[in-house]
Amino acid sequence: MAKVIKTEEFIIREEPFYLATDRETEIFEAAYRNRIPVLLKGPTGCGKTRFMQYMSWRLKRPLITVSCHDDLTASDLVGRYLVQGGETVWIDGPLTKAVRTGGFCYLDEIVEARKDTTVVIHPLADDRRILPIEKRGEVLEAPPEFLLGISYNPGYQSVLKDLKQSTRQRFLALEFTYPDRKLETAIVMHESGMDEEICGRLVILAEKTRNLKDRGLIEGASTRLLIHAAKLISAGIGAEKACSVCVAEPLTDDHEMLEALAELIRSIF
Amino acid sequence: MAGTGDKYSDEKYAGEFREDFIRNLRIDFFDDEEISAVLRDLDSLDSRIRQKVFALCHTLSHASSSLVPNALKRIKTASGLLPGRDLERWITHAYDILDRQGIGAFADYISGIDDEALRRFSTPEGLPLREIMAVLETYIRGISGRELKIAAARETYTDTSAIFLPAFVNRYEDRDRNYLIYKYCAALAWAQISQGTVTTDEDVLNRFLKEVPAEPDISAFFRMFPDERMAIDIFSILEAVRLETFLEKELPGLMREVKAVKRDFLNDRPLCPEQARKSAFVEGLYRLYLDGEPAEEFQNLTGDIPGDILMLKKNAGVEESMKLLGIMYDLAAGLAGDYQPVIFDPLLCTIRPQEVSLVLKAGRRARRQRLEGMITKLLNMPDFEQQKITLRRAGQQKLPESGKEYLLIKGRLIELDSEMREILQERGMSGGIIVKGADMGGAGSPMTLTDLMEEDEVIEESAGGVKYDEWDYKRGGYKKKWCTLREKNVHPGHDPFVEQTRKRYSGYIRVLRKRFELLRREPRLLRRQKDGDDFDLDAVIDAYSDSHAGLAPSEDLFMKYDRQQRSIAVLFLLDMSGSTKGWINEAEKESLVLMAEALETLGDRYAIFGFSGMKRSNCDFYRIKGFEEPYDGKVKRRISGISPKDYTRMGPPIRHSVKILKAVEERTRLFITLSDGRPEDYDAYKGDYAIEDTRRALTEAREQGIHPFCITIDREAGSYLRHMYGEVNYIVIDDVKKLPNRITEIYRRLTT
Ligand SMILES: Nc1ncnc2c1ncn2[C@@H]1O[C@H](COP(=O)(O)OP(=O)(O)O)[C@@H](O)[C@H]1O
Ligand SMILES: [Mg+2]
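Residues numbered from 1 in each chain as written. Chains lettered and ligands numbered in written order. Predicted model: local features only at pLDDT ≥ 70, side-chain atom pairs only at ≥ 80, totals over all residues. Heavy atoms only, no water.

Topic: the overall build of chain B
Okay, step 1: A count of helices and strands for chain B gives 30 helices and 19 strands.
Okay, step 2: Burial status across chain B gives 50% buried among its 752 residues.
Okay, step 3: Sequence-distant contacts in chain B: of pairs separated by 6 or more residues, those separated by 24 or more amount to 72%.
Okay, step 4: Per element, the accessible surface of chain B, about 35500 Å² overall, is 49% carbon and sulfur. (Helix = DSSP H or I, 4+ residues; strand = E, 2+ residues; numbered from the N terminus. Buried < 20%, exposed > 50% of the residue type's maximum accessible area, 1.4 Å probe, protein only. Contact = heavy atoms within 4.5 Å. Areas by Shrake-Rupley, 256 points an atom, 1.4 Å probe, with all protein chains shown as cover.)

Below, the structure is given as structure tokens:
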């Protein structure tokens, strides 16, 4: 059987919780109206996926998300023939589906996909806005409502995980950074249901760990980690323990660094 | 901390070392009952110290087992008297005596120490700063986001680039609260830097200064007060009060804990009724800071001042403190007598205006020097050789853009950025002219300053080695271009070392080849291939469906295991220092022969280099086999010619290896070092300094996507290894004879 790709297709009916940090919603809308594909850059867990969900709700388009991985083939995106009950049936891949329905297609962590897979998005991502489906001898033209979004974390400094110029130069790039203290606190509060006091402290802790990026940590704590910690705290786990298992340990294995992080946690909680 | 062998893992404790230990006891005529008594004692110890104690007993048993029961008895007594950490410290101390002064001194020490002496061992010097320095530095970097160093001094203060803390804190018996004092002091110093106490804004200063010097800083402010010391003391307190609000917001946990500590310090302070009035005033202020509330006597002395001070807690800026200082100072100055400086506890971060001023001035000077250095370099560069540059940059020549400006100097055309413009404005343009891109009509090939620096480096390299930075942990920064490394060739040896080794290990080599061949077959499955070992079901279904649909089905229907997919390059770096003389050097060489056999079978690309040298200007890097070179007679003769040389400065060869590995295109880049332990050079490259630089160089490697693995051949692997290698994987091989077999196994595990 063909590989099953994790595809979440839906028209989002309820407003996703999203707090804008800058003018990103405005810019995204402009990109959408001008049919420019969008690249979301930024560290993991800082709201890229959530933003995409929010925008598709706002613009009332279905959102199809594909989490990229190194086994993802072009057919996985475009589609393939299958035999069902003696008949061949063409099954659209997620990308094709989004093009046909005029939805948003979001390729999450695009650099994880193989290079030869990445190229199928090229004709869709320039002014041609077409998707050639070779097997069917068909060329789909994307309707104005179609939008291609990709995400990418420039933090990994590996040469292998870099986005090729030929790909990135087709996109409008929105840079996502961690929201400011007040905003991030509000986000963590909303997502976890914890009080401002605790969430504010978690955000301070996160800032401190972000200071240690490239000084022993590969990356600082993401908003996502803070939400995890806040949820554990609201479940009755002590703050120090929750921060240790949700923030410190996921960030590093280095003993000295863990010790320093433990001191930071203690100083804040 | 010698002798805390990491090799005594719990597993080992239960396994081979235990057997060895029992054997030693037997040899020394321990009967079964005595042996089981010893083992029972060991097993009953707290798991935290068990390994260390076992290691100690094991070492003792090699010399004289009769000391073992006695040592155990003392340790048992000690564990009743000392809390866990102190106990561990005491055991380490005893172990150190054994290591450094021998068995006799150890026996004396163990039998001589009585309960009283033991008890005194509990936190006698409190918590030494050096014990927590590394963690505290990371802590403060996390908090501040700055490269602040920590250093020891008699008082707590900061000069804006370093935080000075007392070398010991011994207010409390327990480590935690002593540690807390350190953290609080460091945080307070950071607040002084980040909230403008010592880094006061020029605008703010100008509002207070009567005459404004060229480069105003806080020292000019304090010079306005006739009794400078009293002004500084008052101000330090006012600022400590003000900054509490900030710290409470940033570090609420710390501030909550520190409240009790402040109270303890307050209770410690003797009341001196005969204190001079001025000093009593400052003392009162200080007590107000410790207490959070004004004491009664103080109130009588000062009227409504405490209220003003507490106002500082309402989000005040440094300006408010400065204003208040004016009022306070006048008040104090009006009191009788001379000011006898009040002695503060380490809890107050004092201000040292002169030192702050020096650092700030030095910073400004360094900035200017860098700029000037750049322009000087530019003027002194050899005349531009068109050819060399075109060769290096063939195909990617830029043309001048009409909207930009360029500096034309010594035949070079340099793109002007804001930094460059700044230098030129300062220095004038002797020898160069500025041209507009539009006027050039597309002629010439401009370069950026970065290009220029690069070119500079290439020239330097060919002339006399490559320069590398070195990490100085004391300053928390790099010494720039500190070491010079030169690549050299090993003198070929003439004995048939490789052949002999292959003969000696012929049986093992056969096994080795088999194992590594297997490895070759392990790699990943390739789908949709033209040919292969099996059908790819996905592809077949697709093709079937396609042909049903009337399409030409794909012919890529197979899967196969890919052999080329293994994309690994490995660089071996060999310690060729004098200390490897003898068995270690032999074992290293034998290991290389076996590794070469294995890698030739496997097809992974590999390179072998050795290093040694003396002092930072002579780091030698010996090529034994480059990545491009085949494993041939020449390489074999070089292996045979490997011989121990001088010292072990680990940093530069690691950095150079990383540079070489970075140029390799393989997906996985592995870096294996083989050494006999401590990095050490003839000069100051020793101890902590050498360890920290090595650790840093390895971290740099990791950060560049390279996987270092360190093999240490050392019987007495010190506890520093864990720190030195940090997050990097390493293994200690205690018996050099095992190295050749182990290394191939290690490699196999590392790459599967
Ligand atoms: N601006 C934001 N508004 C609302 N929630 C956010 C925001 N930024 C981050 N989050 C929260 O952080 C979590 C992780 O974000 P996500 O979008 O999954 O990260 P990314 O896709 O960048 O890795 C989300 O589940 C959401 O709860
Ligand atoms: Mg995501």
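Right, picking up where we left off after that structure.
Looking at the overall build of chain A
Okay, step 1: Regarding its fold elements, chain A presents twelve helices and ten strands.
Okay, step 2: For chain A, the residues scored as buried account for 53% of the 269 residues in total.
Okay, step 3: Long-range pairs, those at least 24 residues apart, make up 72% of the contacts in chain A between residues at least 6 apart in sequence.

What to know about the site of ligand 1
Residues and elements named next belong to chain A.
Okay, step 1: Taken together, 15 residues lie near ligand 1, and Leu 19, Gly 45, Thr 49, Glu 191 and Arg 224 sit nearest.
Okay, step 2: Within the backbone of Gly 47, one N or O atom sits 3.2 Å away from an oxygen atom of ligand 1.
Okay, step 3: Within the contact set of ligand 1, an oxygen atom lies 2.4 Å away from a side-chain nitrogen or oxygen of Thr 49.
Okay, step 4: In the complex, 91% of the free accessible area of ligand 1, which totals 560 Å², lies under the protein chains.
Okay, step 5: For the shell around ligand 1, the two domains that each supply at least three residues are domain 1 (7-175) and domain 2 (181-268). (Near = heavy atom within 4 Å. Polar contact = N/O pair within 3.5 Å; in protein donor to acceptor, adjacent residues only side chain to side chain. Domains from an automatic or database assignment.)

Concerning the sheet that holds strand E18 (residues 707-713) of chain B
Residue and element names in this part refer to chain B.
Okay, step 1: Read across the sheet, eight strands follow the order E9-E10-E16-E15-E14-E17-E18-E19 without closing on themselves; strand pairing throughout is mixed. Pairing within the sheet leaves two strands with one partner each, and these edge strands are strand E9 (466-472) and strand E19 (729-733). For this sheet, the mean angle separating the axes of adjacent strands, direction not counted, is 25°.
Okay, step 2: As paired elements, strand E14 (residues 568-575) and strand E15 (residues 605-613) share seven bridges and run parallel to each other. Directly across from Leu 571, in E15, lies its bridge partner Ala 607. (Pairing = 2+ DSSP bridges. Axes fitted to C-alpha atoms, helices over the stretch in contact; angles between N-to-C directions.)

A word on unusual backbone geometry
Residues and elements named next belong to chain A.
Okay, step 1: The phi dihedral of Arg 35 is positive, around 55°, even though this residue is not glycine.
Okay, step 2: Here Arg 35 lies in the loop between helix H1 (24-33) and strand E2 (38-41).
Okay, step 3: In this structure, Lys 60 is a non-glycine residue whose phi angle is positive, near 55°.

Digging into the sheet that holds strand E4 (residues 162-166) of chain B
Residue and element names in this part refer to chain B.
Okay, step 1: Taken in spatial order, the three strands line up as E2-E4-E3 in an open sheet, and their pairing is mixed. Strand pairing shows two members of the sheet lacking a second neighbour, strand E2 (149-153) and strand E3 (157-158), which therefore form its edges.
Okay, step 2: Of the strands in this sheet, E2 and E4 are in contact with helix H8 (residues 129-144), which crosses E2 at around 145°.
Okay, step 3: The sheet contacts of helix H9 (residues 175-194) involve E3 and E4, and relative to E4 the element is tilted by about 150°.

With respect to the interface of chain B and chain A
Interface extent is often summarised as the accessible area lost during association of the parts.
Okay, step 1: Of the residues lining the interface, 43 residues belong to chain B; the matching set on chain A comes to 39 residues.
Okay, step 2: In total, about 3500 Å² of surface goes out of reach between chain B and chain A, with carbon and sulfur atoms giving 47% of it.
Okay, step 3: For the pair chain B and chain A, the number of links is seven salt bridges.
Okay, step 4: One salt bridge connects B:Lys183 with A:Glu263, and the closest N-O pair in it is separated by 2.5 Å.
Okay, step 5: Per-element accounting of the side of chain B that touches chain A gives the leading share, eight residues, to H8(B).
Okay, step 6: Here the residues of the side of chain B that touches chain A are counted per class, giving 13 nonpolar, nine polar and 21 charged. (Buried area = accessible area lost by both parts, 1.4 Å probe. Salt bridge = Lys/Arg side-chain N within 4 Å of Asp/Glu carboxyl O. Nonpolar A, V, L, I, M, F, W, Y, C, P; charged D, E, K, R; others polar.)

Describing helix H14 (residues 277-291) of chain B
Residues and elements named next belong to chain B.
Okay, step 1: Its 15 residues give H14 an end-to-end C-alpha distance of 20 Å, which sits within 8% of 21 Å, the value for a rise of 1.5 Å per residue.
Okay, step 2: The element H14 is largely enclosed, with a buried count of twelve among its 15 residues.
Okay, step 3: Every buried residue of H14 is accounted for by Lys 278, Ser 279, Phe 281, Val 282, Glu 283, Gly 284, Leu 285, Tyr 286, Arg 287, Leu 288, Tyr 289 and Leu 290.
Okay, step 4: Following H14 by one or two positions, Gly 292 adopts a phi angle in the positive range, close to 85°. (Expected span 1.5 Å × (residues − 1).)

Examining the side chain of A:Asn153
Residues and elements named next belong to chain A.
Okay, step 1: Within the secondary structure, Asn 153 sits in the loop between strand E9 (147-152) and helix H7 (165-168).
Okay, step 2: Within the local environment of Asn 153, its side chain forms a polar contact with the side chain of Glu 219, the two groups lying 3.4 Å apart.
Okay, step 3: In this structure Asn 153 touches Gly 42, Pro 43, Thr 44, Glu 109 and Glu 219, once residues within four positions along its chain are discounted.

Comments concerning the nonpolar core
Okay, step 1: Grouped together as the largest cluster of nonpolar side chains are 115 residues, with contacts concentrated most on A:Leu202, B:Phe221, B:Phe222, B:Ile234, B:Leu247 and B:Tyr289.
Okay, step 2: Examining the composition of this core, we find that 13 residues originate from one element, H9(B), more than from any other.
Okay, step 3: In this structure B:Ile234 touches B:Phe281, B:Val282, B:Leu285, B:Leu325, B:Met328, B:Tyr329 and B:Ala332, once residues within four positions along its chain are discounted. (Core = buried A, V, L, I, M, F, W, Y, C linked by side-chain atoms within 4.5 Å.)

A word on the packing of aromatic side chains
Okay, step 1: By the definition in use, this model includes 26 aromatic pairs over all chains.
Okay, step 2: When the centroid spacing of 6.5 Å and the interplanar angle of 35° are considered together, the rings of B:Trp90 and B:Tyr109 count as tilted. With respect to burial, B:Trp90 and B:Tyr109 carry one shared label: buried.
Okay, step 3: An aromatic cluster of at least three residues, connected via ring pairs, comprises A:Tyr18, A:Phe28, A:Tyr32, A:Phe51, A:Tyr54, A:Trp57, A:Phe104 and A:Phe176. (Phe/Tyr/Trp six-rings, centres within 6.5 Å; stacked < 30°, edge-to-face > 60°.)

Remarks on the environment of A:Pro94
Okay, step 1: Secondary-structure assignment places A:Pro94 in helix H4 (residues 94-101).
Okay, step 2: Among the residues examined, A:Pro94 registers a relative accessible area of 4% and is labelled buried.

Let's talk about the pattern of salt bridges
Okay, step 1: Per the counting criterion, the structure on display carries 54 salt bridges over all chains.
Okay, step 2: In this structure, B:Asp546 engages A:Lys135 in a salt bridge whose closest nitrogen and oxygen atoms are separated by 3.6 Å. Note that B:Asp546 is positioned in helix H24 (residues 537-548) and A:Lys135 in the loop between strand E7 (130-133) and strand E8 (138-141), a pairing that runs across two chains.
Okay, step 3: A salt bridge links B:Arg605 to B:Glu666, with the shortest nitrogen-to-oxygen separation between them at 3.1 Å. Taken together, the residues B:Arg605 in strand E15 and B:Glu666 in the loop between helix H27 (651-662) and strand E17 (668-675) connect sequence positions 61 residues apart.
Okay, step 4: Residue classification places B:Arg605 among the partly exposed residues on the basis of a relative accessible area of 22%.
Okay, step 5: According to the relative accessible area criterion, B:Glu666 is buried, its value standing at 16%.
Okay, step 6: In this structure, a network of salt bridges that share partners links the residues A:Asp76, A:Arg80, B:Arg528 and B:Asp542.

Some points on helix H2 (residues 16-27) of chain B
All names here are of chain B.
Okay, step 1: Across its twelve residues, H2 extends 17 Å between first and last C-alpha, which sits within 8% of the 16 Å expected from 1.5 Å per residue.
Okay, step 2: Phe 17, Arg 18, Phe 21, Ile 22, Asn 24 and Leu 25 are the residues of H2 that are buried. The buried residues of H2 occupy an angular sector of 160° when the element is viewed end-on, so they sit on one face. In H2, those exposed residues whose orientation departs by more than 90 degrees from the buried face are Glu 19 and Ile 27.
Okay, step 3: Just downstream of H2 lies Phe 29, where phi reads positive at about 65°. (Arc of directions from axis to C-beta.)

Quick word on the packing of helix H9 (residues 196-211) of chain A against helix H10 (residues 223-234) of chain A
All names here are of chain A.
Okay, step 1: Closest axis-to-axis distance for the H9/H10 pair is 10 Å, and the angle between their directions is 140°. By crossing handedness, the relation of H9 to H10 is classed as right-handed. Residue-level inspection shows Ile 198, Leu 202, Val 203, Ala 206 and Arg 210 of H9 in contact with H10, the latter providing Thr 223, Leu 226, Ala 229, Ala 230 and Ile 233.
Okay, step 2: Along the lines of polarity and charge, the residues of the contact of H9 with H10 split into eight nonpolar, one polar and one charged. (Left-handed = near helix turned anticlockwise from the far one by under 90°.)

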